[in-house]
Every structure is written in C-alpha cells, then in structure tokens.
Amino acid sequence: MPTARLAVTLPEDVWIADLSSRYPDATFRVLAALPDDETGVGLVEITAADLEAVLSRLDRTAGVRVFEVLHRGDDRALVQFETDDPLLLLSVRNSRAPFEPPVTIVDGVADLEITASRDRLSSLAEQFRTFGLEFDVRSVRTSMDPESVVSDRQRDLLETAVELGYYDTPRTCTLTALAEHLGIAKSTASERLHRAESAIVRAFVSDASVVDERAHSTE
C-alpha cells in the first residue's frame, strides 16, 4: 500500500497558518487530533525560541475556542486545543484516509504522511480542493506485505536465492546451483522464481502508479 508525503499550504485565515506564519521559526507538531462535525480537538507540541510570545498570541486567536497548556519548558509547550477551523482534519476524515500523527506545521505549511489505497488518496485530493487547500506531493513510497503477495513456499525460495547470492551483481550462485541446493529440477526452480518475481513486480507497479503528481496538484 502506498504512503504519500504531502506538503499542504494552509489558508491564511486559518488560525494555525496565521500563527505559524507570524512565527516562522516555531514548529507546531500535532500529536493527536479528533475532528467533529464543525470543530476539532487536538494536542500540539509547540517549539519556539520566544515561546511566551507564541502562547500569548494563541490566547488572542479567534479560531481557537479554548486551549490549555499541559506542560511547559523553556522553549517547548504541550497544548490541548479546540478549534473552529479543522479544515485539514475534516479533509482527512471525509476521505476516510487514516490520520497518521504527528503532522508538522512550519510557516503555514503542514507536512503529513498518509498511507491509504488509491481511491482514498484520490478522495483526499478532492477534499483538499473542496476546502481550498493547496498541496504538493513530496514523495510516494510503497510498502508491500510479503504474505499477501507471495506464498510461503515462494518466500522461502526467494530468501534462499538471496542468501546463496543468486541476486548478487555479479551472481555468486547459478540457477543450477540453486536448484541443486533445493533438491529440485532446474526448470522447476526457474518456473517458481518467475512466478514469485512476477507477483512482486505486479504488486510494486500497482502501488507505484497510485499517485499522479500532476493530477493531485492544485496549481
């Protein structure tokens, strides 16, 4: 299943975008969040050289109904908040894509990772557009579950081939030597390897084609 890393530019009138833009050297890490119909409750870690100024500004922010400082150090504070502007949270919730904290926000841009199916990533892109959120796809990586792609016998075969050096460059183990080690015919080893390799390649290509950056850009 693919994991997409996204950089979401938050609208200037959203409180956390305004606050982080006013203090571009500060870092806001949303550690947990729960969106309701029109509000959101979350836990954010704020790191800033002038922490007092950031918290003072937060206290005067219209988009935050209430906040409570749970822990505070010299340059770091853990804050629980309730907001009327949970656009990012609502976008993720409406797309049914799993929320994966932390979400890091610096200077009005949220950096987040989403692991989801192709359909849900596409739905998330549509939700971003609906709420007027611009975004860029920073990277996409795939994470295949071997148990769902190849059988136990195929996995054992591949692991043995790797251990003996069949996939080294240059190869340190021939197909004939691999077949002899396994006690099977060379043709059988070749066919089993081909089936396993084909399954892995198909799974990889299927996941790798999930995100089209141009289709998911709101430029």
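Remember, predicted model here, so these are calculated numbers, not experimental data.

The rules we used
Residues numbered from 1 in each chain as written. Predicted model: local features only at pLDDT ≥ 70, side-chain atom pairs only at ≥ 80, totals over all residues. Heavy atoms only, no water. 1 Å grid on protein atoms, 1.4 Å probe; cavity = no way out; pocket = protein on both sides within 12 Å on 5 of 7 lines; lining within 4 Å. Points joined across faces, edges and corners; volume = space filled by probe spheres on them. Helix = DSSP H or I, 4+ residues; strand = E, 2+ residues; numbered from the N terminus. Buried < 20%, exposed > 50% of the residue type's maximum accessible area, 1.4 Å probe, protein only. Contact = heavy atoms within 4.5 Å. Axes fitted to C-alpha atoms, helices over the stretch in contact; angles between N-to-C directions. Parallel < 35°, antiparallel > 145°, perpendicular 65-115°, else oblique. Left-handed = near helix turned anticlockwise from the far one by under 90°. Nonpolar A, V, L, I, M, F, W, Y, C, P; charged D, E, K, R; others polar. Salt bridge = Lys/Arg side-chain N within 4 Å of Asp/Glu carboxyl O. Phe/Tyr/Trp six-rings, centres within 6.5 Å; stacked < 30°, edge-to-face > 60°.

Participant: Before we move on, can you summarise empty space enclosed by the protein with the specific residues and values?
Facilitator: Following the criterion strictly, the structure yields two cavities of 30 Å³ or more and no others. Of all the elements in the fold, those that place two or more residues in the lining of the largest cavity are helix H1 (15-22), strand S2 (27-35), strand S5 (76-83), helix H3 (87-95) and strand S6 (103-106). In terms of residue count, H3 provides more of the lining of the largest cavity than any other element does, three residues in total.

Participant: Account for H3, with residues named and values stated.
Facilitator: Residues of H3 that are buried: Leu88, Leu89, Leu90, Ser91, Val92 and Ser95. The inward-facing, buried residues of H3 contact strand S1 (2-9), S2, S6, strand S7 (109-115) and helix H4 (118-130). Looking one or two places after H3, you find Arg96, whose phi comes out positive at around 65°.

Participant: Report on the packing of helix H6 (residues 152-164) against helix H7 (residues 175-182), specifying residues and quantitative values.
Facilitator: Between H6 and H7, whose axes approach to 11 Å, the crossing angle comes to 120°. Classified by the angle their axes make, H6 and H7 are oblique. The two elements H6 and H7 meet at a crossing, and its hand is right-handed. Taking contact as the criterion, the partners of Leu157, Thr160, Ala161 and Leu164 in H6 are, on H7, Leu178, His181 and Leu182. Broken down by class, the residue content of the contact of H6 with H7 amounts to five nonpolar, two polar and no charged.

Participant: Tell me about the pattern of salt bridges, residues and numbers included.
Facilitator: Two side chains carrying opposite charge are able to pair once their charged atoms lie near each other. Per the counting criterion, the structure on display carries 10 salt bridges. Close ionic contact of Asp111 with Arg5 constitutes a salt bridge, the shortest N to O distance being 2.5 Å. Residue Asp111 is located in strand S7, and its partner Arg5 is located in strand S1; the two are separated by 106 residues in the primary sequence. Among the residues examined, Arg5 registers a relative accessible area of 32% and is labelled partly exposed. Salt bridges sharing partners connect three or more residues here, namely Arg5, Asp111 and Arg138.

Participant: Lay out the environment of Ser151 with the relevant residues and their values.
Facilitator: Turning to its location among the elements, Ser151 is positioned in the loop between helix H5 (146-149) and H6. By relative accessible area, Ser151 is classed as partly exposed at 34%. Between the alpha carbons of Ser151 and Ala199 there is a distance of 9.9 Å; along the sequence they are 48 residues apart.

Participant: Explain unusual backbone geometry to me, and be specific about the residues and the numbers.
Facilitator: Glycine aside, residues mostly have negative phi angles, and peptide bonds mostly take the trans form. The omega angle of the peptide bond from Thr169 to Pro170 is 0°, so this bond is cis rather than trans. Inspection of the secondary structure assignment puts Pro170 in the loop between H6 and H7. Of note, the phi angle at Asp107 is positive, near 50°, even though the residue is not glycine. For Asp107, the location among the structural elements is in the loop between S6 and S7.

Participant: Can you tell me about the environment of Pro35, naming the residues and giving the values?
Facilitator: Its location among the elements puts Pro35 in strand S2. As a C-alpha pair, Pro35 and Asp85 span 50 residues in sequence and 9.9 Å in three-dimensional space. If near-sequence neighbours (up to four positions away) are discounted, Pro35 is found in contact with Gly40, Leu89, Leu90 and Arg93.

Participant: Give a detailed account of the packing of aromatic side chains, specifying residues and quantitative values.
Facilitator: This structure, assessed with the given rule, holds three aromatic pairs. Centroid distance Trp15 to Phe81: 5.3 Å. Interplanar angle 65°. Geometry classified as edge-to-face. Residue Trp15 is found in helix H1, and its partner Phe81 is found in strand S5; the two are separated by 66 residues along the sequence. Judged by its relative accessible area of 7%, Phe81 is buried. When the ring of Tyr166 is compared with that of Tyr167, the centres are 5.1 Å apart and the planes differ by 85°; the resulting orientation is edge-to-face. Look at Tyr166 and you get buried, because its relative accessible area is 8%. With a relative accessible area of 34%, Tyr167 lands in the partly exposed category.

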